[in-house]
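Report on the structure
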Amino acid sequence: MTAQIIDGKQVAAEMRAELKEKVAKLKTQNIVPGLAVVLVGEDPASQSYVTAKEKACEEIGIYSNDNRLPAETSEEDLLALVDKLNKDPKIHGILVQLPLPKHINEDKVLLAIDPAKDVDGFHPANVGKMVVGQDAFLPCTPHGIIQLLIRSKVKLEGAEVVIVGRSNIVGKPIANMLIQKAPTGNATVTVCHTRTKNMAEHVKRADIIIAAAGRPNTITADMVKDGAVVIDVGVNRVEDATKKRGYRLVGDVDFEAVKEKASLITPVPGGVGPMTITMLLYNTVRSAEKTLNS
Ligand code: NAP
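Let me sum up the structure you'll find in this document. Just so it is clear, the model here is predicted, and its values are computed rather than measured. (Residues numbered from 1 in each chain as written. Predicted model: local features only at pLDDT ≥ 70, side-chain atom pairs only at ≥ 80, totals over all residues. Heavy atoms only, no water.)

**Remarks on the packing of helix α1 (residues 8–28) against helix α2 (residues 44–60)**
Think of two packed helices as two axes; the pair is described by the angle between the axes and how far apart they sit. Across the interface, α1 lies against α2 with an axial gap of 8 Å and an inter-helix angle of 60 degrees. On the basis of the axis angle, α1 is oblique to α2. Together, R16, L19, K20 and V23 of α1 and A56, E59 and I60 of α2 make up the contact between the two elements. Of the residues that constitute the contact of α1 with α2, the class distribution is four nonpolar, no polar and three charged. (Axes fitted to C-alpha atoms, helices over the stretch in contact; angles between N-to-C directions. Helix = DSSP H or I, 4+ residues; strand = E, 2+ residues; numbered from the N terminus. Parallel < 35°, antiparallel > 145°, perpendicular 65-115°, else oblique. Contact = heavy atoms within 4.5 Å. Nonpolar A, V, L, I, M, F, W, Y, C, P; charged D, E, K, R; others polar.)

**Considerations on unusual backbone geometry**
Put simply, L98 and P99 share a cis peptide bond, and its omega is 0 degrees. Inspection of the secondary structure assignment puts P99 in the loop between β4 (93–96) and α4 (106–112). Going from V268 to P269, the amide bond is cis rather than trans, its omega being -5 degrees. Here the phi dihedral of N186 falls at roughly 60 degrees; this positive angle occurs in a residue that is not glycine. Relative to the elements of secondary structure, N186 occurs in the loop between α7 (171–179) and β6 (188–192). Classification of N186 as partly exposed rests on a relative accessible area of 28%. The phi dihedral of N198 falls on the positive side, at around 50 degrees, and the residue is not glycine. With respect to the element layout, N198 can be found in the loop between β6 and α8 (199–204). (Buried < 20%, exposed > 50% of the residue type's maximum accessible area, 1.4 Å probe, protein only.)

**Brief notes about the packing of aromatic side chains**
One pass over the structure, following the stated rule, counts zero aromatic pairs. Residue placement shows R237 over the ring face of Y247; its charged tip is 4.1 Å from the ring centre. Of note, K290 hangs over the ring of F137, and the distance from its end group to the ring centre comes to 5.0 Å. (Phe/Tyr/Trp six-rings, centres within 6.5 Å; stacked < 30°, edge-to-face > 60°. Lys NZ or Arg CZ within 6 Å of the ring centre and 35° of its normal.)

**Describing the sheet that holds β4**
Overall, parallel pairing links the three strands, which are arranged β3-β2-β4 in an open sheet. If you trace the sheet from one side to the other, it starts and ends with β3 (63–69) and β4, each paired once. Here the strands of the sheet are splayed against their neighbours by 15 degrees on average, with no regard to which way each runs. Bridge count for strand β2 (residues 34–40) against β3 is seven bridges, and the pairing is parallel. In the strand pairing of β3, A36 is matched with N65. Where α2 meets the sheet, its contacts fall on β2, β3 and β4, and the angle it forms with β3 comes to roughly 160 degrees. (Pairing = 2+ DSSP bridges.)

**Description of the site of the ligand**
With respect to spatial proximity, 20 residues lie near the ligand, and among them R166, S167, T194, V235 and T276 are the closest. Interatomic distance of 2.4 Å between a side-chain N/O atom of T194 and an oxygen atom of the ligand. Between an oxygen atom of the ligand and a main-chain N or O atom of A212, the distance comes to 3.5 Å. (Near = heavy atom within 4 Å. Polar contact = N/O pair within 3.5 Å; in protein donor to acceptor, adjacent residues only side chain to side chain.)

**What about the packing of helix α6 (residues 140–151) against helix α10 (residues 273–292)?**
Relative to each other, α6 and α10 sit at 100 degrees, their axes nearing to 8 Å. Considering the angle they form, α6 stands roughly perpendicular to α10. Across the interface between the two elements, C140, T141, H143, G144, Q147 and L148 of α6 pack against M275, T276, M279, L280, Y282 and N283 of α10. Of the residues assigned to the contact of α6 with α10, the class counts are six nonpolar, six polar and no charged.

Okay, structure coming up:
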């Protein structure tokens, strides 16, 4: 069997077109969704990610408020900016790009964001609501994975899902979403990590494998059941002298071999990646829509 490719770029484009319509409708009601992005320092990966976010906002008509601050910005000044954005009615979503410089306490800054504007879904108030199944901003990468699965018509109910990775931004939230008693959940979930014994035995059972370890070739073909659905979240740089920049990006899955056993598989790049920013736009539009009923 050769797997069908889940095209994240295409699913993201479909969702962005849906969001563009919602933004146009909100504008007829005099609401322009606004996303504030805060970037402290000059980390190149963060800078290009923030630029991509700004471009995506522009594409669908969201007002993008950019705050690029020098690396030496104090924690006090950053907290004051977050407070200002919390109070700004033009802003419906606030995103503080991580990592922050070492002299700033990340937890303190994330806690300072108004949960009603926490479009990253990292505030403990939103995490708690997600866990107990209440309406919350869902974190973008895991929510993007759920959308990819649903829009690819993958049956979640009763599915054996094995997740590799237990981080707060991917592994834990996706596990929580998939066990919810809801059409977007109802799966049976196993979470593996570096202390898991016989990881391959767990992965072999999976109808759906979600790889979020941050290590190339964590999932090899011998670990994959025939017909499994494989979602590769990993983004890893491996040296490649044939490339101008000297490296290429790969996921956590041995793609070439695993695609011969899986029924559906996401590529890297072009799988989960394009969904993350899309879900950030989704949360921002939802936040703006909520102001209509408040
Ligand atoms: P992270 O915080 O480093 O967590 C990695 C997790 O994987 C940890 O729980 C770790 O276990 C586990 N792990 C690592 N090696 C393992 C192994 N050999 N066997 C079993 N478990 C292993 O990473 P993250 O932030 O979740 O990100 C994971 C990957 O996804 C990274 O490549 C990242 O770049 C990518 N990512 C992509 C997107 C996107 O939009 N495409 C978004 C977020 C992240 P322990 O807890 O025991 O250490």
